[in-house]
Each structure stands twice: as structure tokens, then as C-alpha cells.
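A look at the structure
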Amino acid sequence: MTYLSNLNTVSQSSSTPANASSILSSPANTHANELKNPAASFTPAESASTLVALSSASLQTSLTYAALNQPESIAHGQTWANRSDDKVSALMARNVAAGNTSSSRFTGLGSALLGRFKAGSDNFSQTVVNYLASSHDQKSVDKASQTELGVLQSAPLDKISLGVQTRSGKTVELVLSRSATGLGVEVKSSSKLTQAERNALSQLASGFEKATQGVTGIPPRVDIAGLAGYDTKVLSSVDFKSSGSGTLALEFHADATQRSLKAALPTGKVELSVNLSNPATWGSQAQREKAIGSYLAQVDKAASRGNADRDLINLFKASFAAIHTSYPTSNTGTSRLADQDQAMLTGLADFQTHIRAEPVKPNPLHLEEVDAFNYQTSQTTRLSGRNNANRAIIQQQEAKLNASFHQGLSSAKPPILTDQKESQNYRYYQIEDQASSKTSISYRNGLLDKASVEKTARQSTHIKQYEMGNLTEERDNPLSRSDSQDFSATLNDLKTKQIRGLIDQFDRQYALNALNEQLFLESSPADLQAPASSRNIRAFS
């Protein structure tokens with residue numbers, strides 16, 4: 001961010017060092033001319049006061065402050081980089097006075113900055129910092145101000161940015177930054193924007209505000225749906241990024257063909273990517289919501305089996321739901337698959353995900369024993385064939401879990417392990433699981449030739465048990481199961497019944513919905529061992 005050399009500065013003297021981040025409690029409201037610089041004043045004390053007149057190249061104002069009984073030795077005040085008589089600066093002044101958390105400092109700023117585009121405003125930059133100077137002479141004040149401005153510019157505590165590219169190739173960048181003593185904002189565009197582009201940018205105001213409040217909340221959360229739903233007719237891509245000590249580390253990208261999200265907690269990281277290049281395979285909103293629910297249920301099972309950190313799992317679940325909730329509307333004109341083909345698919349765009357916990361070595365006597373959690377899922381869909389009458393679809397779903405953890409002998413809680421053998425009473429689990437589901441559909445000369453679902457689930461559990469530091473038991477529990485179902489006869493029969501008028505479209509759709517529930521991943525071999533009768537679809541009979 002570029003700062004003006006001619007700074008707007010107000011100062012106050014005190015013999016006692018103050019906390020620079022809490023100097024101001026509210027904008028002054030005692031003089032009309034003070035409103036020209038809403039953060040340049042201090043709330044007057046009820047005790048005796050002294051009026052001090054200050055002046056600079058761009059500021060003529062008054063400052064009322066409480067007279068102190070101690071000798072003057074420390075100056076503290078506030079510096080603005082630019083004129084501060086606009087609405088955004090007034091909001092910044094209010095936020096700086098409200099508190100020093102990233103949530104309070106950034107409240108409303110993203111929405112206000114994007115809202116300026118609709119009114120025809122362009123680039124904007126503003127910075128405000130509180131400072132402490134060794135004395136109240138102008139040289140000391142200027143030095144302290146420049147120091148705080150430099151810290152905010154070069155090493156902010158928190159930073160949030162939004163990058164947008166228009167279909168015409170223009171770029172717009174918005175940056176919010178916070179230091180312990182100040183707040184900065186900047187908006188810049190690569191060239192003049194059209195009114196349609198301005199409108200599309202202003203429509204992101206609510207989404208950017210929600211995303212900002214999400215990553216700065218306590219606890220933090222992922223709320224990027226409003227950014228993912230950008231106007232694809234005018235804008236080509238959106239990038240959101242947050243980092244710092246008071247925010248969730250998050251990177252989100254969305255364009256016409258892909259979405260990606262990366263987020264990190266101290267306990268681990270999540271990564272997701274979505275391929276939007278094949279809209280013909282997307283299902284209805286209801287079908288996608290059902291698929292999201294199925295995948296999140298599998299994640300919960302993996303988390304339970306692998307003893308995962310709950311906050312990390314919740315972060316992943318929120319991210320997965322948000323990135324799949326809505327898809328670009330510009331692709332809705334793409335020809336869709338037949339309803340029975342769609343029923344054999346999840347309805348989600350293809351994706352890859354990864355949850356990775358930070359590894360921990362809690363046992364000083366067995367450093368080879370690591371508490372870890374790695375979970376990956378993916379979906380890929382391939383359409384082929386000479387023409388529609390001779391088409392084929394293959395959709396592959398896969399999940400893989402690698403986890404290890406310690407558990408006490410008398411409870412499920414992790415043991416407290418030291419270098420004393422009396423603490424060495426525990427079980428050490430090593431988990432390796434894999435699951436897959438493959439859907440195959442093919443037509444020959446317009447007739448359904450194949451409609452099958454093949455599933456596999458493998459689980460491996462290796463357990464070591466120690467008592468008083470001695471290995472007393474070691475065992476492996478491998479489980480594996482495969483299952484295959486052929487729905488071609490069922491679907492052909494369903495079509496025949498509809499042609500003959502034996503069922504209507506409602507009955508057909510009900511039956512297809514029931515079939516759709518049969519194709520999702522099953523991570524546990526035990527779930528594939530249900531008797532065939534329990535997997536039959538009653539609506540088809």
C-alpha cells in the first residue's frame with residue numbers, strides 16, 4: 001500500500017505509556033469541524049480539560065483531552081494516510097475504536113468497499129494507526145507514526161484479500177490489513193470498469209463480508225458460498241485469501257472450470273478441488289444435497305475410526321458443503337443426461353479432497369509411534385462413445401484412510417506418556433482403509449446394455465498393547481468385502497412399465513431416487529455384507 005508523505009496526525013501528551021491499540025474509545029462528537037476527521041479526536045473526560053489546536057497541510061482541527069497531573073513525557077495519537085472525510089474512513093475510525101481483534105477491525109469494511117463500485121467510485125486507499133512517541137515534538141511524532149505505518153505495511157498481524165478478474169480481462173484487488181495499532185484498506189483496478197462490471201463487483205459485497213467474518217470469527221468458519229455464486233456472465237474468476245494470527249488461513253479460487261479451497265488450523269490442513277468442466281453430469285440441487293450428506297457421513301466414520309481432531313473434521317465438512325452447494329449457472333444450458341443415467345451418478349461435480357492432521361509423537365520411549373490422520377476422497381467421471389445411441393459412462397468414487405493413535409487401557413482417552421514405565425500402559429492403533437465404488441453405464445444402438453455398481457471395502461487394524469512398558473499383545477484385524485449389483489434389467493423393466501402406462505412419471509422418479517442411494521461409497525466391509533433382500537429397491541418390484 002502507498003502512503004502519502006504528508007500525513008494527517010493528531011497527538012496527545014501523557015506521562016504514562018498507553019496501550020496504542022486502545023487509545024481511542026470513540027470518534028469525537030463535540031465540534032462539527034472535528035467530523036471531517038472522525039478518528040482524529042478523543043472522547044473528552046469529565047474532569048478539567050485543555051484545548052490544543054493542531055495544524056498540518058491537510059488537517060485543521062481541535063483536540064480535547066484530559067489534563068493530567070503528571071509531567072508530559074509521552075505523546076500518543078493517531079495518523080491517517082489520506083483525507084478521512086469519507087464513509088469508509090468513518091467506518092475505519094469506528095472499528096479501530098471498537099477493539100483490536102481482526103473481527104472487530106474488519107467488520108463492514110469489505111462490504112463498504114465493494115459497495116462503492118455501484119456508485120461509480122474507483123480506486124481507494126486508506127490507513128490509520130495509533131502511535132506512541134518518546135516525546136511530543138513533531139520529529140518524534142513523525143518517527144513514531146512512520147514506524148507504525150511501516151509495520152502495518154510490511155508485517156500485518158492479519159491480511160485478507162479479494163482478487164477478481166472480469167471477462168474483459170480487467171483485474172480488481174481489494175486488501176484489508178490489521179496491525180496491533182492500526183488498520184489499512186486498499187482497492188485498485190487495472191483499468192476503467194464498465195457499469196456492468198461495477199454492478200457485478202458490488203454484488204459480491206455480502207459474500208465477501210460473510211467470508212471475512214467467517215475466517216475472523218471465534219471459532220472460525222468457512223463461508224464462501226456468496227463468493228462462489230459470482231456473476232459468471234461478467235466476471236471470470238474470484239480469489240479469496242486470508243492469513244495471520246487472528247484469522248483462519250484460507251485460500252479459495254473459483255472460475256468457470258474449477259474451484260479449489262485450502263484451509264489450515266494448528267492441528268492440520270484440508271484441501272479440496274472441484275472440476276466444473278463436465279456440467280452434463282451434475283444433478284439437481286436435491287440430488288447434490290443427498291450426495292453431500294452421504295460423503296460427510298463417510299468422513300464422520302473415518303474420523304471416528306482414525307481418532308481425528310474434531311475441529312479439523314468440522315472444517316473439512318463445512319468446506320466440502322460450501323464448495324459444492326451451488327455450481328455456475330452459465331452452464332445450465334448444457335444438454336443433460338437421461339434421467340436413468342443421472343440416477344446412476346452422484347450428481348456432484350468431480351472432485352479431490354485431502355484431510356491431513358499434523359503428526360505428533362507423544363511417547364518419548366517410542367518415537368516411532370506417531371499420532372497421525374490422513375484421509376483422501378475423490379470422484380472422477382468419464383463420458384465416451386461414438387454418439388448418444390452408443391454412449392458409455394464410468395464414475396469412480398474412492399476413499400483412503402491412514403491413521404494411527406494411542407489409547408489408554410482403561411478409557412478411550414489418549415494416555416499421558418512419559419519416560420517412566422508406569423505411564424506406559426496403552427494400545428497403539430494403526431489403521432489402513434480403502435473403499436471404492438464404480439458405476440458403469442453403456443448403451444448399444446440406443447438400448448441400455450449395462451448399468452452396474454461395483455463396490456469394495458478393505459480395513460486393516462494393527463494393534464499393539466503395552467503394560468508397564470512391556471509389549472503384551474500384538475494383533476492384526478484385516479477385513480475385506482466386495483459387492484456387485486446389476487441394475488440394467490431393473491431399469492429396462494421400469495421403462496417398459498412406463499410405456500405401458502403401468503406407472504406414471506412420479507412413480508418412475510421415486511424408483512430412480514431409490515436406486516441412486518445404492519451407488520455411494522461404503523467404507524466398512526460390514527456394510528457390504530447385508531443380505532441381498534435388504535438392498536432390493538421395493539419400488540421396482
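Quantities reported herein were computed from a predicted structural model and do not represent experimental measurements.

From N to C terminus, the protein chain includes 13 helices and 18 strands. For the protein chain, the residues scored as buried account for 49% of the 541 residues in total. Sequence-distant contacts in the protein chain: of pairs separated by 6 or more residues, those separated by 24 or more amount to 68%.

As a further point, take helix 9 (residues 310–324). Working note: α-helix, 3.6 residues per turn, so residues spaced by three or four point in the same direction. Here helix 9 contains 15 residues, and its C-alpha end-to-end distance of 21 Å stays within 8% of the 21 Å for a straight helix at 1.5 Å per residue. Within the sequence span of helix 9, burial applies to Leu312, Ile313, Leu315, Phe316, Lys317, Ser319, Phe320, Ala322, Ile323 and His324. Of the surrounding secondary structure, the elements contacted by the buried residues of helix 9 are strand 10 (249–255), strand 11 (258–265), strand 12 (268–275), helix 8 (285–306), strand 13 (350–357) and strand 14 (372–385). Sitting at the head of helix 9, Asp309 places a side-chain oxygen 3.3 Å from the backbone nitrogen of Asp311.

Here the structure, examined in full by the defined rule, presents eight aromatic pairs. Ring geometry for Phe320 against Phe351: centres 5.3 Å apart, planes inclined by 85°, an arrangement best described as edge-to-face. Here Phe351 lies in strand 13 and Phe320 lies in helix 9, a separation of 31 residues in the sequence. Residues Phe320 and Phe351 agree in their burial class; the two are buried. Relative to Tyr429, the ring of Phe405 has its centre 5.0 Å away and its plane inclined at 10°; by these criteria the two rings are stacked. With Phe405 in strand 15 (residues 391–408) and Tyr429 in strand 16 (residues 426–444), the pair connects residues that are 24 residues apart, well separated along the chain. Cluster of aromatic residues (ring-pair linked, three or more members): Tyr295, Phe316, Phe320 and Phe351. Across from the ring centre of Tyr327, 4.6 Å away, lies the NZ or CZ of Arg288, which sits over that ring. Against the face of Tyr443 rests Arg391, its NZ or CZ located 3.7 Å from the ring centre.

Right, let's talk about the side chain of Arg508 for a bit. With respect to the helices and strands, Arg508 occurs in helix 12 (residues 505–516). A relative accessible area of 5% places Arg508 in the buried class. A polar contact is formed between the side chain of Arg508 and the side chain of Asp339, at a distance of 2.9 Å. When sequence neighbours within four positions are dropped, the list of residues in contact with Arg508 reads Asp339, Gln340, Leu494, Lys495, Gln498 and Ile503.

Along the chain, Arg458 falls in strand 17 (residues 447–467). Between the C-alpha atom of Arg458 and that of Ser523, which follows or precedes it by 65 residues, the distance is 7.6 Å. Contacts of Arg458, omitting those with residues within four sequence positions, involve Glu432, Asp433, Gln434, Leu479, Ser480 and Pro525.

When their charged atoms lie close together, side chains carrying opposite charge are able to pair. Within this structure, the stated rule accounts for 13 salt bridges. In this structure, the salt-bridge partner of Asp158 is Arg178, at a minimum N-O distance of 2.5 Å. Here Asp158 is found in strand 6 (residues 158–166), whereas its partner Arg178 is found in strand 7 (residues 171–178), with 20 residues between them in sequence. The buried category is assigned to Asp158, whose relative accessible area is 0%.

All right, on to the pairing of strand 9 (residues 235–244) then. Bridge count between strand 6 and strand 9: nine bridges; the pairing is antiparallel. In the sheet register, Gln165 faces strand 9, and the bridge partner there is Ser237. Across six bridges, strand 9 lies against strand 10 in antiparallel orientation. Of the residues in strand 10, the one forming a bridge with Phe240 is Phe252. Taking the residues between adjacent antiparallel strands as the criterion, strand 9 and strand 10 are bridged by four residues.

This part takes up the packing of helix 8 against helix 9. Running from N to C, helix 8 and helix 9 point in directions that differ by 165°, and their axes come no closer than 10 Å. Judged by the angle between their axes, helix 8 and helix 9 are roughly antiparallel. Here helix 8 runs over helix 9; the crossing is right-handed. Here helix 8 contributes Arg288, Ile292, Tyr295, Leu296, Val299, Asp300 and Ala303 to the contact with helix 9, which in turn contributes Arg310, Ile313, Phe316, Lys317, Phe320, Ala321 and His324. Across the contact of helix 8 with helix 9, the residue classes break down as nine nonpolar, one polar and four charged.

Turning our eyes to something else, we now look at the pairing of strand 13. For strand 13, the buried fraction is high: six of the eight residues fall into the buried class. As defined by bridge partners, strand 12 adjoins strand 13 across eight bridges and the pair is classed as antiparallel. Residue pairing for strand 13: Val274 is matched across the bridge by Phe351. Note that strand 13 and strand 14 share six bridges and pair antiparallel. When the bridges of strand 14 are listed, Ile355 appears paired with Tyr375.

So, on to unusual backbone geometry. For the peptide bond that leads from Ile218 to Pro219, omega is -5°, which places it in the cis range. Relative to the elements of secondary structure, Pro219 occurs in the loop between helix 6 (205–216) and helix 7 (225–228). Phi at Met468 is positive, roughly 55°, even though this residue is not glycine. Counting through the fold element by element, Met468 comes out in the loop between strand 17 and strand 18 (470–486).

Here we take up the confidence of the model for the protein chain. On average, residues of the protein chain carry a pLDDT of 82, and 82% of them reach 70 or more. Taken as a whole, residues 10–71 scores under 50 in pLDDT and shows 130 contacts with residues more than four places along the chain or in a different chain.

Calculation rules
- Residues numbered from 1 in each chain as written.
- Predicted model: local features only at pLDDT ≥ 70, side-chain atom pairs only at ≥ 80, totals over all residues.
- Heavy atoms only, no water.
- Helix = DSSP H or I, 4+ residues; strand = E, 2+ residues; numbered from the N terminus.
- Buried < 20%, exposed > 50% of the residue type's maximum accessible area, 1.4 Å probe, protein only.
- Contact = heavy atoms within 4.5 Å.
- Expected span 1.5 Å × (residues − 1).
- Polar contact = N/O pair within 3.5 Å; in protein donor to acceptor, adjacent residues only side chain to side chain.
- Phe/Tyr/Trp six-rings, centres within 6.5 Å; stacked < 30°, edge-to-face > 60°.
- Lys NZ or Arg CZ within 6 Å of the ring centre and 35° of its normal.
- Salt bridge = Lys/Arg side-chain N within 4 Å of Asp/Glu carboxyl O.
- Pairing = 2+ DSSP bridges.
- Axes fitted to C-alpha atoms, helices over the stretch in contact; angles between N-to-C directions.
- Parallel < 35°, antiparallel > 145°, perpendicular 65-115°, else oblique.
- Left-handed = near helix turned anticlockwise from the far one by under 90°.
- Nonpolar A, V, L, I, M, F, W, Y, C, P; charged D, E, K, R; others polar.
- pLDDT = per-residue confidence, 0-100.

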